[in-house]
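Chain by chain, the residues:
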Amino acid sequence: MTTAAPPRGGIWKQSRTFDPAVRLLFLNQLTINLGFYMLMPFLAAHLADGLGMAAWAVGLVLGARNLSQQGMFLVGGALADRLGFKPLIVAGCALRTVGFGALAFAQSLPMLVAASLATGLAGALFNPAVRACLAAEAGEERRVQAFALFNAYYQAGILLGPLVGVALTGVSFRLTCTVAAVLFAGLTLVQLRHLPAAAGASAREAAGKDGRGQFRTVLSHRTFWLFSLAMTGSYVLSFQVYLALPLAAGGTGLTTALFVVSALVALAGQLRITAWCRRRLDRERCLVLGLALMGGAFLVPAALGRGVAGLLLCAVVLAVANAVLYPYEMDTVVALARGRWVATHYGLYNTVCGIGITVGNLATGALLDVTGWSAVPWLALCAVGLVCAGAVALLARGGRLAEPGPEKPGAGPEPEIPAAGPEPEKPAADAGPEKPAAAAP
């Protein structure tokens with residue numbers, strides 16, 4: 001448990017305590033989500049109604065983006081560790097500019113699939129690089145605070161994007177795509193000009209210049225695999241804001257309210273929740289608490305049914321749980337990487353969780369088909385959260401999630417960490433302060 005004074009000030013005030021490179025990464029994520037969420041929620045309607053495509057073709061176009069992004073996360077992370085964070089961030093933003101621009105004019109299925117693939121690959125390039133760069137630039141003492149702020153900007157983009165998209169799509173979907181492409185083009189130029197070339201250089205130097213052991217080091221890291229599998233459940237549960245809760249709501253008005261409430265809770269509460277956690281809990285307990293809260297959120301609709309109050313309260317608890325979890329989840333990935341191949345670890349983590357989301361959604365949908373809107377699906381989701389919380393608690397009890405000391409460059413794969421008590425999170429030096437949305441932009 002930390003005893004340092006909690007971080008003070010709002011999002012903007014706390015952001016200004018960081019170096020310009022970190023502040024630019026905050027702006028990066030806000031703009032990425034703004035551009036993504038002003039377009040993607042309306043793509044399916046454009047394909048089906050605007051272009052008259054069959055449902056299978058719509059699914060193919062949408063699935064192509066998800067497949068290319070999830071399938072290439074590990075490659076994107078590995079390239080970031082090899083080539084540098086800035087080149088991958090810039091390349092990803094530039095490629096998404098091309099992808100969104102192509103969506104504005106594509107009419108045929110092959111062109112639409114190609115544009116969707118480019119859009120997904122762009123995310124695979126910049127997502128691991130951005131997170132690894134943020135962790136390196138913020139430093140060990142302020143990583144949690146930086147990721148808390150990062151999540152606040154992330155959620156702001158999710159909230160603003162659809163609002164801008166509604167207004168633009170009311171004119172034309174082509175206008176929406178064009179504006180989104182212009183945003184990413186501007187972001188590309190800003191990153192190219194203002195993001196330091198040396199951003200994250202210390203992390204890449206710690207990994208060593210010999211890249212032959214890069215994949216061996218990451219793929220043989222058993223503790224990291226166990227942590228990734230345990231955390232997959234949190235992504236499955238978070239995604240229910242896009243699946244089970246909207247289906248239960250049964251109307252666009254309540255569905256919109258679920259998204260707005262989730263984003264507002266994150267914006268208003270993220271820094272306060274993280275400050276509370278820093279005062280009272282260590283990193284491992286925050287992870288367990290967040291997962292348990294996620295599972296507990298589904299007890300509400302299990303008890304209250306599909307009413308407005310139950311669904312909204314479930315969304316609020318999920319948002320609070322994500323606010324508890326996200327900064328410490330991202331911090332743990334860096335800690336387990338031991339300063340070596342951090343972006344590659346993030347890439348593998350995103351890939352594992354992406355596969356878990358797909359499997360979890362299929363299972364959730366099948367369960368809803370079989371049981372209907374009884375308490376069974378909600379209780380099953382609750383059980384997922386509790387099982388994952390128990391798994392992380394077991395890892396923490398064995399000392400596997402404790403942050404080790406620095407490892408010399410060029411060292412071999414990370415062995416099992418000797419059993420020891422978990423080391424408390426270190427307090428921030430001056431000021432303190434998800435999950436990425438489930439469908440990562």
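Bear in mind the structure is a predicted one, so any value in this text is a computation, not a measurement.

Looking only at helices and strands, the chain features 18 helices and zero strands. By element, 70% of the accessible surface of the chain is carried by carbon and sulfur atoms, the whole surface being about 16,900 Å².

With that out of the way, let us pick up helix H18 (residues 376-397). Its 22 residues place the ends of H18 31 Å apart at the C-alpha level, agreeing with the 32 Å of an ideal helix rising 1.5 Å per residue. Among all positions of H18, only Pro377, Trp378, Leu381, Cys382, Gly385, Cys388, Ala389, Val392, Leu395 and Ala396 are buried. Within H18, the buried residues cover an arc of 150 degrees as seen down the axis, which keeps them to one side. In H18, the exposed positions angled more than 90 degrees off the buried face are occupied by Val387, Leu394 and Arg397. Buried-residue contacts for H18 involve helix H11 (222-238), helix H12 (244-249), helix H14 (283-297), helix H15 (299-304) and helix H17 (342-371). The positive-phi residue at the C-terminal boundary of H18 is Gly399, with phi of around 80 degrees.

So, on to the pattern of salt bridges. Taken as a whole and judged by the stated rule, the model has four salt bridges. Between Arg285 and Asp282 there is a salt bridge, with the nearest N and O atoms lying 2.7 Å from each other. Since its relative accessible area comes to 4%, Asp282 is described here as buried. Each of the salt bridges in this network shares a partner with another, and the network as a whole consists of Arg143, Arg283, Glu284 and Asp331.

All right, on to the confidence of the model for the chain then. Mean pLDDT over the chain stands at 85; residues scoring 70 or higher make up 86%. Within the chain, no element has a lower average pLDDT than helix H9 (residues 201-207), which sits at 56, and none a higher one than H14, at 96. Long-range and interchain partners of residues 1-5, a stretch whose pLDDT sits below 50, account for 12 contacts in this model, where long-range means more than four residues apart. Every residue in residues 405-434 scores below 50 in pLDDT, and together they form 80 contacts with partners more than four places removed in sequence or on other chains.

Right, let's talk about the environment of Ala402 for a bit. Among the structural elements, Ala402 can be located in the segment after H18. According to the relative accessible area criterion, Ala402 is buried, its value standing at 11%. Residues Ala402 and Leu336, 66 residues apart in the sequence, show an inter-C-alpha distance of 8.1 Å.

This brings us to the side chain of Arg143. Mapped onto the elements of the fold, Arg143 is located in helix H7 (residues 143-169). In this structure the side chain of Arg143 is engaged in a polar contact, spanning 2.5 Å, whose partner is the side chain of Asp331.

Leu39, Phe100, Phe227, Leu245 and Tyr349 are the most contacted members of the largest nonpolar core, which has 120 residues in total. Not counting the four nearest positions on each side in its chain, Phe227 is found in contact with Leu287, Glu329, Thr332, Val333, Leu336, Tyr349, Leu395 and Leu401.

Given 3.6 residues per helical turn, the α-helix brings residues three or four places apart onto the same face. The terminal C-alpha atoms of helix H8 (residues 173-194), which comprises 22 residues, lie 31 Å apart, in line with the 32 Å expected from a rise of 1.5 Å per residue. Of all the positions in H8, only Phe173, Thr176, Cys177, Ala180, Ala181, Phe184, Leu187, Thr188 and Gln191 are classed as buried. Taken down its axis, H8 places every buried residue within 130 degrees of arc, on the same side. Set apart from the buried face of H8 by more than 90 degrees, the exposed residues are Val182, Leu189, Arg193 and His194. Along its buried surface, H8 packs onto helix H2 (20-39), helix H3 (43-50), helix H5 (85-105), helix H6 (109-138) and H7.

Quick notes on the rules
Residues numbered from 1 in each chain as written. Predicted model: local features only at pLDDT ≥ 70, side-chain atom pairs only at ≥ 80, totals over all residues. Heavy atoms only, no water. Helix = DSSP H or I, 4+ residues; strand = E, 2+ residues; numbered from the N terminus. Areas by Shrake-Rupley, 256 points an atom, 1.4 Å probe, with all protein chains shown as cover. Expected span 1.5 Å × (residues − 1). Buried < 20%, exposed > 50% of the residue type's maximum accessible area, 1.4 Å probe, protein only. Arc of directions from axis to C-beta. Contact = heavy atoms within 4.5 Å. Salt bridge = Lys/Arg side-chain N within 4 Å of Asp/Glu carboxyl O. pLDDT = per-residue confidence, 0-100. Polar contact = N/O pair within 3.5 Å; in protein donor to acceptor, adjacent residues only side chain to side chain. Core = buried A, V, L, I, M, F, W, Y, C linked by side-chain atoms within 4.5 Å.

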